[in-house]
Amino acid sequence: MPLPKMAVQAIAAHLRDFPVTDPGGWLFTAPEGGPVVYTSFMDGSWRPACQRAGIPKGTGPHALRHHYASLLIKHGESVKTVSERLGHTNAAMTLNIYTHL
């Protein structure tokens, strides 16, 4: 999946400050180590950030995924490409979900 230059630079800076030394290690970790727990992320980061940004309450990360897919389709990206970027099993799955677009 292509990433904007800004995202690549942010990840590079994160890896510089928090190198992953174990090949099976986590890119982003919880303060106590190990993977970030979904509920902790939602309560501690996502919801407060959404509130500060004025994003409607109840908007979850999956909404960003749907928005991304919708923009790809709107701008003429092929169903195959959208399917690959979303990690769908096949293009038929993507068509089933986004056929209304």
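Higher on the page you've got the structure.
In this report, the structure presented in the accompanying data block is examined. Bear in mind that the values here come from a model prediction, so they are computed numbers and not experimental data.

## A short note on the pattern of salt bridges
Here comes step 1: Taken as a whole and assessed by the stated rule, the structure comprises three salt bridges.
Here comes step 2: The residue Arg47 makes a salt bridge to Asp43 at a minimum N-O spacing of 2.4 Å. With Arg47 and Asp43 both in helix α2 (residues 38–53) and four residues apart, the pair spans about one turn of that helix.

## Concerning the packing of aromatic side chains
Here comes step 1: All chains considered together, the criterion is met by one aromatic pair.
Here comes step 2: Look at Phe41 and Trp46: their rings are 6.2 Å apart centre to centre, the planes differ by 45°, and that puts the pair in the tilted class.
Here comes step 3: Using a relative accessible area of 31% as the deciding quantity, one classes Phe41 as partly exposed.
Here comes step 4: A residue is classified by how much of its surface remains accessible, and Trp46, at 15% relative accessible area, is buried.

## Let's talk about the nonpolar core
Here comes step 1: Among the nonpolar cores identified, the biggest contains five residues, and these are Ala69, Leu72, Val82, Leu86 and Tyr98.
Here comes step 2: Counting only elements with at least two residues in this core, the list comes to α3 (61–74) and α4 (79–86).
Here comes step 3: Excluding residues that lie within four positions of it along the chain, Leu86 makes contacts with Arg65, Tyr68, Ala69 and Tyr98.

## Here's the deal with the side chain of Ser70
Here comes step 1: Tracing the backbone through its elements, the reader meets Ser70 in helix α3.
Here comes step 2: In this structure Ser70 comes out as buried when scored by relative accessible area, which is 18%.
Here comes step 3: In this structure Ser70 touches Tyr98 and Leu101, once residues within four positions along its chain are discounted.

Rules used throughout
Residues numbered from 1 in each chain as written. Predicted model: local features only at pLDDT ≥ 70, side-chain atom pairs only at ≥ 80, totals over all residues. Heavy atoms only, no water. Salt bridge = Lys/Arg side-chain N within 4 Å of Asp/Glu carboxyl O. Helix = DSSP H or I, 4+ residues; strand = E, 2+ residues; numbered from the N terminus. Phe/Tyr/Trp six-rings, centres within 6.5 Å; stacked < 30°, edge-to-face > 60°. Buried < 20%, exposed > 50% of the residue type's maximum accessible area, 1.4 Å probe, protein only. Core = buried A, V, L, I, M, F, W, Y, C linked by side-chain atoms within 4.5 Å. Contact = heavy atoms within 4.5 Å.

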